[in-house]
Each structure stands twice: as structure tokens, then as C-alpha cells.
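Listed below, chain by chain, are the residues.
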Amino acid sequence: MSTYSFESFTALEGAPATIRDASGQSCSATVVEVTKLHDSEDADAVQFSVVWRAPADANFGQGLCEVTAGGETLTLFLVPVGQEKDGLLLEAVFA
């Protein structure tokens, strides 16, 4: 997953993850959606987004977070994009 590819995140859809923000707050989360944003002629330049669902009581603002999933820890810029009854949705965009 260290290549940040669409395929590597697609393989994690439905998988558990842990998200930790800069203040040290952490929670469990699940990869709920991996979406291509634009098709590109360059196969290595796929633009995509990844959405995680954290618990409904999670209190994350936008910013850099450590995301651990699939045995790796990545530093990603996450943005809260919605609150559902099942949890808080956080998104990272790869362009």
C-alpha cells in the first residue's frame, strides 16, 4: 500500500483501520469507499478518493492523520465529509 495506488486502497475496502490525529486522538475506522475521480491516459496517474467511516462520536477536523491499515501506517490529509447515523465520514483525495 505504500505506493498510494487506487488498487492498493480498493483491496482494503471493508477492512478495519486505525486513525490518529496530531493531538493523539485515535479511533477505529473502516474503509467504506474507494472511487476513481478522473480517467487518465497515464495508468500511473489515477486520481481517486478514499472514504473511511469512524464512530459517530469521533471528533476529527481536517488535517494530517496517521492511518494504519493493511499492516502499514500512512500519513494522510483527511477531511470530514459527512456525519451519518453509523459514523463520521473522512476522506482523502489522491491526485
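Heads up: the structure comes first, above all this text.
Residues numbered from 1 in each chain as written. Predicted model: local features only at pLDDT ≥ 70, side-chain atom pairs only at ≥ 80, totals over all residues. Heavy atoms only, no water.

### Considering the packing of aromatic side chains
Tallying each qualifying case throughout the model produces five aromatic pairs. Considering the side-chain rings of Phe9 and Trp52, the 6.3 Å spacing of their centres and the 85 degrees angle between planes classify their relative orientation as edge-to-face. Placement of Phe9 in helix 1 (residues 6-10) and of Trp52 in strand 3 (residues 47-54) is noted, with a sequence separation of 43 residues between them. When its relative accessible area of 1% is taken as the criterion, Trp52 is described as buried. (Phe/Tyr/Trp six-rings, centres within 6.5 Å; stacked < 30°, edge-to-face > 60°. Helix = DSSP H or I, 4+ residues; strand = E, 2+ residues; numbered from the N terminus. Buried < 20%, exposed > 50% of the residue type's maximum accessible area, 1.4 Å probe, protein only.)

### Quick word on the pairing of strand 4 (residues 63-69)
Pairing analysis gives four bridges linking strand 1 (residues 16-21) to strand 4, with the strands arranged antiparallel. Counted as the bridge partner of Ile19 is Val67 from strand 4. Between the antiparallel neighbours strand 4 and strand 5 (residues 72-84) lie two residues, among them Gly70 with a positive phi of about 60 degrees. (Pairing = 2+ DSSP bridges.)

### Overview of the environment of Ala54
Inspection of the secondary structure assignment puts Ala54 in strand 3. Note on Ala54: relative accessible area 2%, which makes it buried. With 27 residues separating them along the chain, Ala54 and Cys27 place their C-alpha atoms 6.9 Å apart. If we skip the residues at most four places from it in the chain, Ala54 touches Cys27, Ser28, Ala29, Asp86, Gly87, Leu88 and Leu90. (Contact = heavy atoms within 4.5 Å.)

### Section: the side chain of Ser49
Within the element layout of this structure, Ser49 appears in strand 3. The exposure class assigned to Ser49 is buried, which follows from its relative accessible area of 3%. Reaching out from Ser49, the side chain makes a polar contact with the side chain of Glu91 at a distance of 3.2 Å. Ignoring anything within four residues of it in the chain, the contact list for Ser49 reads Glu33, Val34, Thr35, Leu37, Glu91, Ala92 and Val93. (Polar contact = N/O pair within 3.5 Å; in protein donor to acceptor, adjacent residues only side chain to side chain.)

### Topic: the environment of Asp57
Positionally, Asp57 belongs in the loop between strand 3 and strand 4. Overall, Asp57 belongs to the exposed group, its relative accessible area being 69%. Residues Asp57 and Lys85 lie 28 residues apart in sequence; the distance between their C-alpha atoms is 9.9 Å.

Functional significance is not addressed by these values, which are geometric in nature.
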